[in-house]
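Architecture and fold: a report
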Amino acid sequence: MAKVKKNSTPANATAANVGYEAELWQMADALRGSMDAAEYKHVVLGLIFLKYISDAFEELHAKLVAEKAQGADPEDPDEYRGAAHPVFWVPPEARWPHLKAQARQPTVGQLVDDAMAGIERDNPALKGVLPKDYARPALDKQRLGQLIDLVSNIRIGDAEARAKDVLGRVYEYFLSRFASAEGKKGGEFYTPRCVVKLLVEMLEPYKGRVYDPCCGSSGMFVQSVEFIRAHAGGNGNGGKAKGDISIYGQESNYTTWRLAKMNLAIRGIDGQIGHGDTFQHDRHPDLKADFILANPPFNISDWGGERLRDDKRWQYGVPPAGNANFAWVQHMVHHLAPAGVAGFVLANGSMSSNQSGEGEIRKNLIEADLVDCMVALPGQLFYSTQIPACLWFLAKTKKNGKFRDRRGHVLFVDARKLGRMADRTHKDLTDEDVGRIADTYHAWRGEKDAGEYTDVPGFCKSATLEEVRKHGHVLTPGRYVGAEAQEDDGEPFEEKMKRLTATLREQQAKAAKLDAAIAANLKELGYGG
């Protein structure tokens, strides 16, 4: 196996180790009252977004005011759109100082709605994206005013805050907490950061078209861009990450689609994110992606499969109408470029199920040599489900000159024992865990400077297609990696057997005494045999 690279982040660093984000959440949550988490989510995240673009605007505005003598016009929208680091133009009615001054007025809800409408009007990229229902009677205006005061205390859009990605951290932390609060009702759009990081670190989407057919709040895209930024300076990779990627996605839930658009906008990421049902109305029908990263909803039964029996995407078998897992798999295969790779999350059942033709589809995918790597994940990683999950990695071709020829082989990684508890109910993969899995995959693929790959009993195994056939085309890593090697304690076998035999006889003698005592007690009570 490859050596784990040194990481500047502590081994126990996880997405759960946050600073003031947690305090901010606690204060904001206290203002929620009886409002449902799913509803409150858009109230809070909308305000945080508004504060962000207002901060960025105010910073450049102050600079332009100071440069008026040189001909700068602080009230010209083009000054902001054409800046070296463009920011959104914020009309006067949407500027945060204006809203803060009116936070205690009963009309504050309408003022926030007007601010959102003004920003959408003057920034076409945000049209139809921002929440505009702050004036509704059900929203307590006193609490809304308190929330505006709370958000006023953090600077999230100026240059210093942007450099630290303050908004990104707050936004992501709030998304994760809302996912946790909503549970199965709303967590489906949020993929834990550690899982996204693992997918991205393994696939290394440096250059090309990146696609997510069920993009949720756009976590995969954000993490891809973060990955490129983290590696662009070298980090031992020779500076190969230049960040030349284009982003394509689709999301069926309208409110989640809006979150996705905001999530990208706050980071200045351009992406073609379509709204609609991916199976019934594919918004990118001709796309052939170099990288696909996804976390499709597990085991959905109402995906409309009965209306798509003859769809051209089902090259490896018609997926069952009652479960979309292999519809997602084949949709992604259909959208892969000739040298494309895909990494995605699926329920563990996908690795072994033979129901409704799923086993035959999996067999056909394996025989087509599309399956590159399988990773079994620890439990308790996801907010929205307790269903155990795994990662699939597919490669359209395993011999493309980029890595070594891997035809006829599949890498299996059993990571179920990795991770640590982030809280009482959720587990996180540490950066060290992510590095260990990703480095193993990179070494197996034969990447330059990734080290030599070797099988590690209990953790990873490079299996041939013939071995997979012998297991009935089941892809569960535990079947292949074997048992973890036990450390030799140095005690000679003969001595160990003598010691264990003596212990056994001692325990048998104690057991016989206990049996006799129990029999005597029963006899005394009149139940003797």
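Residues numbered from 1 in each chain as written. Predicted model: local features only at pLDDT ≥ 70, side-chain atom pairs only at ≥ 80, totals over all residues. Heavy atoms only, no water.

**Points about the packing of aromatic side chains**
In the structure shown here, the tally under the stated rule is 13 aromatic pairs. Aromatic pair phenylalanine 344 and tryptophan 392: ring centres 6.1 Å apart, planes at 15 degrees, arrangement stacked. One end of the pair, phenylalanine 344, is in strand S5 (residues 336–347); the other, tryptophan 392, is in strand S7 (residues 389–395), with 48 residues separating them in the sequence. Assigned by exposure class, phenylalanine 344 and tryptophan 392 land together as buried. (Phe/Tyr/Trp six-rings, centres within 6.5 Å; stacked < 30°, edge-to-face > 60°. Helix = DSSP H or I, 4+ residues; strand = E, 2+ residues; numbered from the N terminus. Buried < 20%, exposed > 50% of the residue type's maximum accessible area, 1.4 Å probe, protein only.)

**Description of empty space enclosed by the protein**
Inspection of every chain in the model, using the stated rule, returns 2 cavities of 30 Å³ or more. Each pocket or cavity is described by its volume, and for the largest cavity that value is around 40 Å³. Around the largest cavity, the lining residues are Leu31, Met35, Tyr40, Val43, Leu139, Arg143, Leu144 and Leu147. Mapped by element, the contributors of at least two residues to the lining of the largest cavity are helix H2 (37–66) and helix H6 (141–152). A per-class count over the lining of the largest cavity returns 7 nonpolar, no polar and 1 charged. Each pocket or cavity is described by its volume, and for the second largest cavity that value is around 30 Å³. Together, Leu24, Ala28, Val44, Ile48, Leu147, Leu150, Val151 and Phe174 line the second largest cavity. Elements with a contribution of two residues or more to the lining of the second largest cavity: helix H1 (20–30), H2 and H6. Per element, the largest residue contribution to the lining of the second largest cavity is 3 residues, and it comes from H6. Here the lining of the second largest cavity is built from residues that sort into 8 nonpolar, no polar and no charged. (1 Å grid on protein atoms, 1.4 Å probe; cavity = no way out; pocket = protein on both sides within 12 Å on 5 of 7 lines; lining within 4 Å. Points joined across faces, edges and corners; volume = space filled by probe spheres on them. Nonpolar A, V, L, I, M, F, W, Y, C, P; charged D, E, K, R; others polar.)

**Some points on the pattern of salt bridges**
Going through the model one piece at a time under the given rule, you end up with 25 salt bridges. For glutamate 204, the salt bridge goes to arginine 445, with nearest N and O atoms at 3.5 Å. Highlighted residues: glutamate 204 in the loop between helix H9 (193–203) and strand S1 (207–212) and arginine 445 in helix H14 (residues 431–445), separated in sequence by 241 residues. Take glutamate 204 and arginine 445: they sit in the same class, and that class is buried. The salt bridge involving arginine 416 is made with aspartate 414; its shortest N-O contact spans 2.6 Å. What makes arginine 416 partly exposed here is its relative accessible area of 46%. (Salt bridge = Lys/Arg side-chain N within 4 Å of Asp/Glu carboxyl O.)

**Points about a nonpolar patch on the surface**
Together, Leu514, Ile518, Leu522, Leu525 and Tyr527 make up a nonpolar patch on the protein surface, roughly 580 Å² of accessible area in all. Within the secondary structure layout, isoleucine 518 lies in helix H17 (residues 493–524). By relative accessible area, isoleucine 518 is classed as partly exposed at 47%. (Patch = residues over 30% accessible without salt bridge, like charges linked within 9 Å, V, L, I, M, F, W, Y side chains within 5 Å. Areas by Shrake-Rupley, 256 points an atom, 1.4 Å probe, with all protein chains shown as cover.)

**Things to note about helix H13 (residues 358–367)**
Within H13 the residues assigned to the buried category are Glu358, Gly359, Ile361, Arg362, Leu365 and Ile366. One side of H13 holds all its buried residues, which, seen down the axis, span an arc of 160 degrees. In this fold, the buried residues of H13 make contact with helix H12 (325–334), strand S6 (371–376), S7 and helix H15 (465–470). Positioned one or two residues after H13, aspartate 369 has a phi angle of 60 degrees, which is positive. (Arc of directions from axis to C-beta. Contact = heavy atoms within 4.5 Å.)

**A closer look at the side chain of serine 462**
One can find serine 462 in strand S11 (residues 460–464). In contact with serine 462, other than residues within four places in its own chain, are His409, Val410, Leu411, Trp444, Tyr453, Asp455 and Glu467.

**A closer look at the nonpolar core**
In terms of nonpolar packing, the biggest core is built from 111 residues, with Phe174 and Val375 touching the most fellow members. Here this core takes 14 residues from H2, the largest share from any one element. If sequence neighbours within four positions are ignored, valine 375 has contacts with Met202, Cys390, Leu391, Phe393, Val413, Ala415, Ile437 and Pro477. By size, the runner-up hydrophobic cluster in this structure holds 41 residues, among which are Ala289, Phe344, Leu465 and Leu475. (Core = buried A, V, L, I, M, F, W, Y, C linked by side-chain atoms within 4.5 Å.)

**Quick notes on the state of the cysteines**
In the structure shown here, the tally under the stated rule is 0 disulfides. The thiol of cysteine 215 is not disulfide-bonded; the next cysteine sulfur, from cysteine 214, is found 7.9 Å away. Judged by its relative accessible area of 5%, cysteine 215 is buried. (Disulfide = S-S within 2.5 Å.)

**Things to note about the sheet that holds S7**
Across the sheet, 9 strands lie side by side as S3-S2-S1-S4-S5-S7-S6-S8-S11; this open sheet has mixed pairing. On the outer flanks of this sheet lie strand S3 (272–275) and S11, each paired with one strand and no other. Within the sheet, the average angular offset between the axes of one strand and its neighbour, ignoring direction, is 15 degrees. Where S1 lies against strand S2 (residues 244–251), 6 bridges are found, and the strand directions are parallel. (Pairing = 2+ DSSP bridges. Axes fitted to C-alpha atoms, helices over the stretch in contact; angles between N-to-C directions.)

**Structural notes on the confidence of the model for the protein chain**
The predicted model of the protein chain has a mean per-residue pLDDT of 85, with 86% of residues at 70 or higher. In this model, residues 3–18 is a region of pLDDT below 50 whose contacts with residues beyond four sequence positions or in other chains number 24 contacts. Below pLDDT 50 for its whole length, residues 234–238 participates in 4 contacts with residues either more than four positions away or in separate chains. (pLDDT = per-residue confidence, 0-100.)

**Quick word on the packing of H9 against helix H10 (residues 219–231)**
At a minimum axis separation of 9 Å, H9 and H10 run at an interaxial angle of 60 degrees. As summarised for this structure, H9 and H10 are arranged oblique, according to the angle between their axes. Crossing of H9 against H10: the hand is right-handed. Every residue of H10 that contacts H9 at Arg193, Val196, Lys197, Leu199, Val200 and Glu201 is listed here: Gly219, Met220, Gln223, Ser224, Glu226, Phe227 and His231. (Parallel < 35°, antiparallel > 145°, perpendicular 65-115°, else oblique. Left-handed = near helix turned anticlockwise from the far one by under 90°.)

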